[in-house]
Amino acid sequence: MLLSLLAAATETAPIQFAELGIPRAIDLGFFELRFYSLAYIAGIALAFWHLTRMIKAPGAPLVKIHAEDLFFYCTLGVILGGRLGYAVFYQPQLFTSFTEGEFVSWNLLRLWDGGMSFHGGVLGVLAAIVWVCSRNRLPFLRVCDYIAVNVPFGMFFGRMANFVNGELWGRPADLPWAMVFPGAGNEPRHPSQLYEAGLEGLLMMVVMLLLFWATRARFRPGLLVGVFTAGITSARFVVEFFREPDAHLMEFARETGLSMGQWLSIPMILIGLFFVIRALARPPLASGARAPA
């Protein structure tokens, strides 16, 4: 795929996304496995595997049985929070609209049609962490630190799935790597899904892994989750300048000067910075110590 992109970028004509030959699903004969589903599976599986490695390091605030509970409830939080957040922030009509076919389906439940909110997913994960921590009397902030390190795995795969699906494209652009996406007219556009995969996924992955494994950041409660929150929402804020707003929110972006995603990111950036400053202003925990719940 990358070779095709580089080759196409050398031509005078813009890159045609449809000509890249990227399949959107794997046909298993009896079942079609969509890459969007694979992205969720890969992100969650890799995050869980890495979390089990993290809790073996000194100072972990949880053990394997807690990690398994978090794996289950955070998965539910991502799906339910992401979908509900999308409906609340972007398309409230999903709550009252239905699609007729072989059977009548509630559009809110039609996850295969797309539509997940990053900010809603964050709230869903936080609710899941609160639930698990309250049941097991775990230190909430430190558990959030451990979960935050693993979220960029899912962000990377999710944004790559957006690219494979040819959705959430960028604004019109006159650049060698700009692409013409199906359904977006004939103008070449920023492949903003790849920008998000690079910033929200790969960059944050490197930052969070280095902080955890190469420093003592995990002994400063709130530092990792603060860096993650401020970093990933700052990346989202920047990419929104290159991403085409959803059709039904274009007027909102024109009137306010910022997209809905940017307005939702601003308070999260401030919250992240607050936790970073708070963590650095307090003495670190001793190795093997646990912060109070």
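Look up a bit, the structure's there.
Since the structure is predicted, the reported quantities are computational estimates derived from the model, not experimental observations.

Enumeration according to the criterion identifies 12 aromatic pairs in this entry. An angle of 50° between the planes, with centres 4.8 Å apart, marks the rings of Phe48 and Phe71 as tilted. In this pair, Phe48 sits in helix H2 (residues 35-54) while Phe71 sits in helix H3 (residues 64-89), placing the two residues 23 residues apart along the sequence. Ring centres of Phe72 and Tyr73 lie 5.0 Å apart, and the angle between their planes is 75°; on these two criteria the pair is classed as edge-to-face. Clustering of aromatic rings is evident, with ring pairs tying together Phe17, Phe163, Trp169 and Phe181.

Should their charged atoms come close, side chains of opposite charge can pair. Under the criterion given, the structure shown has 7 salt bridges. The salt bridge partner of Glu200 is Arg159, with a shortest N-O separation of 3.1 Å. Of this pair, Glu200 sits in helix H6 (residues 192-214) while Arg159 is found in helix H5 (residues 140-164), placing the two residues 41 residues apart along the sequence. Each of the two residues, Glu200 as well as Arg159, counts as buried.

The subject of this paragraph is the nonpolar core. Of all hydrophobic cores here, the largest spans 34 residues; its most connected members are Leu70 and Ile129. Counting residues per element, the ones that place at least two in this core are H2, H3, helix H4 (118-136), H5, H6, helix H7 (223-239) and helix H9 (260-281). Per element, the largest residue contribution to this core is 8 residues, and it comes from H5. Here Ile129 is in contact with Leu70, Cys74, Phe140, Val143, Cys144 and Ile147, once residues within four sequence places are set aside.

Rules used in this analysis
Residues numbered from 1 in each chain as written. Predicted model: local features only at pLDDT ≥ 70, side-chain atom pairs only at ≥ 80, totals over all residues. Heavy atoms only, no water. Phe/Tyr/Trp six-rings, centres within 6.5 Å; stacked < 30°, edge-to-face > 60°. Helix = DSSP H or I, 4+ residues; strand = E, 2+ residues; numbered from the N terminus. Salt bridge = Lys/Arg side-chain N within 4 Å of Asp/Glu carboxyl O. Buried < 20%, exposed > 50% of the residue type's maximum accessible area, 1.4 Å probe, protein only. Core = buried A, V, L, I, M, F, W, Y, C linked by side-chain atoms within 4.5 Å. Contact = heavy atoms within 4.5 Å.

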